[in-house]
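# Structural overview for review
Single-letter residue listing:
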Amino acid sequence: MAPSSKDLALVNRAFLVRAVRYLAAECGVRRFLDFGSGLPTRPNVHQVAQEVDPSSEVVYIDNDPLVLAHGRMMLAEDPSTTAVLQADLRDTRDVFASSEVDRLLRDDQPVAALFVSVLHCIPDKDDPWALVRDVAQRLPSGSYMVISQLASDDAELRASITDFMARVTNDNWGQVRSFREVNRLFEGLEPVEGIGPVEVSRWKPDSDLAPRQRSDEWVERGTVARIP
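These lines cover the structure that appears in this document, whether it is placed above or below. (Residues numbered from 1 in each chain as written. Predicted model: local features only at pLDDT ≥ 70, side-chain atom pairs only at ≥ 80, totals over all residues. Heavy atoms only, no water.)

### Digging into the environment of Val58
- By the secondary structure assignment, Val58 is in strand β2 (residues 57-62).
- Sequence separation of Val58 and Ala130 is 72 residues, and the distance between their C-alpha atoms is 24 Å.
- Once you skip the residues sitting within four places of it in the chain, Val58 turns out to touch Phe32, Val45, His46, Thr81, Thr82 and Ala83. (Helix = DSSP H or I, 4+ residues; strand = E, 2+ residues; numbered from the N terminus. Contact = heavy atoms within 4.5 Å.)

Structure, rendered in structure tokens:
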């Protein structure tokens, strides 16, 4: 149905690493909120950010108790700069009321909110566009959003994959979206360096030899944008 899926997962992870490194090294960001972080893998967000500045702080947010357990085990070595919060990312009031997140907002320094390959898990009825706007409004001016989402402009493929994922996850899934629907996630934001939403392997690749998807029946579409 979608033979490029392995490529898609790899280039998306590489996008996350490049985006975090760019924000830390080029934009001076030292605080990161990783929404829907998933099971830990290497390199993790805090490892990338702390290569630039060891004082960088990261809060991982996920509603899966297995993610919480693995994350806390992994981060136990340095609880002063990293934390894992068990929460539904749609419950922004609870997320921002937590002590872990409140600490990142203590003095209006810029924060990067990461929604990397997670918003397609949210159905339209839960309005992922409103979720992104809500988080952006809660962050200090000059903060950043990193967003990627599964997308295709093939309506038949979108419907097929969305139906398949709903069946294998017992309807606990969202949907693949069109390019136009993904572009709407960035309304009111300022894409950095003027790079609007693209297939993520084309967002500031490390070199011409950096991995690309070999076919594009569906892609991770996204970019990095600044909150005015």
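### Quick notes on the packing of aromatic side chains
- Under the defined criterion, the tally for this structure stands at 3 aromatic pairs.
- With a centroid separation of 5.7 Å and an interplanar angle of 85 degrees, the aromatic rings of Phe15 and Trp203 are classed as edge-to-face. Of the two residues, Phe15 is situated in helix α1 (residues 5-26) and Trp203 in the loop between β7 (198-199) and β8 (219-226); the sequence distance between them amounts to 188 residues. Assigned by exposure class, Phe15 and Trp203 land together as buried.
- Plain terms: the ring middles of Tyr22 and Trp203 are 5.6 Å apart, the flat faces sit at 85 degrees to each other, and that makes the pair edge-to-face. Note that Tyr22 is positioned in helix α1 and Trp203 in the loop between β7 and β8, a separation of 181 residues in sequence.
- The class for Tyr22 is buried, based on a relative accessible area of 11%.
- The exposure class assigned to Trp203 is buried, which follows from its relative accessible area of 0%.
- For the cation-ring pair, Arg184 lies above Trp129, with the distance from its terminal atom to the ring centre recorded as 4.1 Å.
- Arg221 extends its terminal NZ or CZ atom over the ring of Phe179, reaching a point 4.4 Å from the ring centre. (Phe/Tyr/Trp six-rings, centres within 6.5 Å; stacked < 30°, edge-to-face > 60°. Buried < 20%, exposed > 50% of the residue type's maximum accessible area, 1.4 Å probe, protein only. Lys NZ or Arg CZ within 6 Å of the ring centre and 35° of its normal.)

### What to know about helix α6 (residues 128-138)
- Listing the buried residues of α6 in full gives Pro128, Trp129, Leu131, Val132, Val135 and Ala136. An end-on view of α6 places all buried positions within 160 degrees of arc, on one side of the element.
- In the core, the buried residues of α6 are packed alongside β1 (31-35), α4 (92-97), β4 (112-116), β5 (144-151) and α8 (179-183). (Arc of directions from axis to C-beta.)

### Quick notes on the pairing of β2
- Across the 6 residues of β2, 6 count as buried, placing the element largely inside the fold.
- Where burial is concerned, the two faces of β2 agree: the one with Glu57, Val59 and Ile61 and the one with Val58, Tyr60 and Asp62 are both buried.
- In this structure, β1 lies alongside β2, joined through 5 bridges in parallel fashion. Paired with Arg31 across the strands is Glu57, a residue of β2.
- Alignment of β2 against strand β3 (residues 82-86), held across 5 bridges, turns out to be parallel. Opposite Val58, over in β3, you have Thr82 as the bridge partner. (Pairing = 2+ DSSP bridges.)

### Overview of the packing of α1 against helix α2 (residues 45-52)
- It is the contact of α1 with α2, at a shortest axis distance of 9 Å, that shows an interaxial angle of 30 degrees. Once α1 is placed against α2, the crossing between them reads as right-handed. Here Leu16, Val17, Val20, Arg21, Ala24 and Ala25 of α1 come into contact with α2, specifically with Val45, Val48, Ala49 and Val52.
- Partitioning the contact of α1 with α2 into residue classes produces 9 nonpolar, no polar and 1 charged. (Axes fitted to C-alpha atoms, helices over the stretch in contact; angles between N-to-C directions. Left-handed = near helix turned anticlockwise from the far one by under 90°. Nonpolar A, V, L, I, M, F, W, Y, C, P; charged D, E, K, R; others polar.)

Interpretation in functional terms is not warranted from these geometric data alone.
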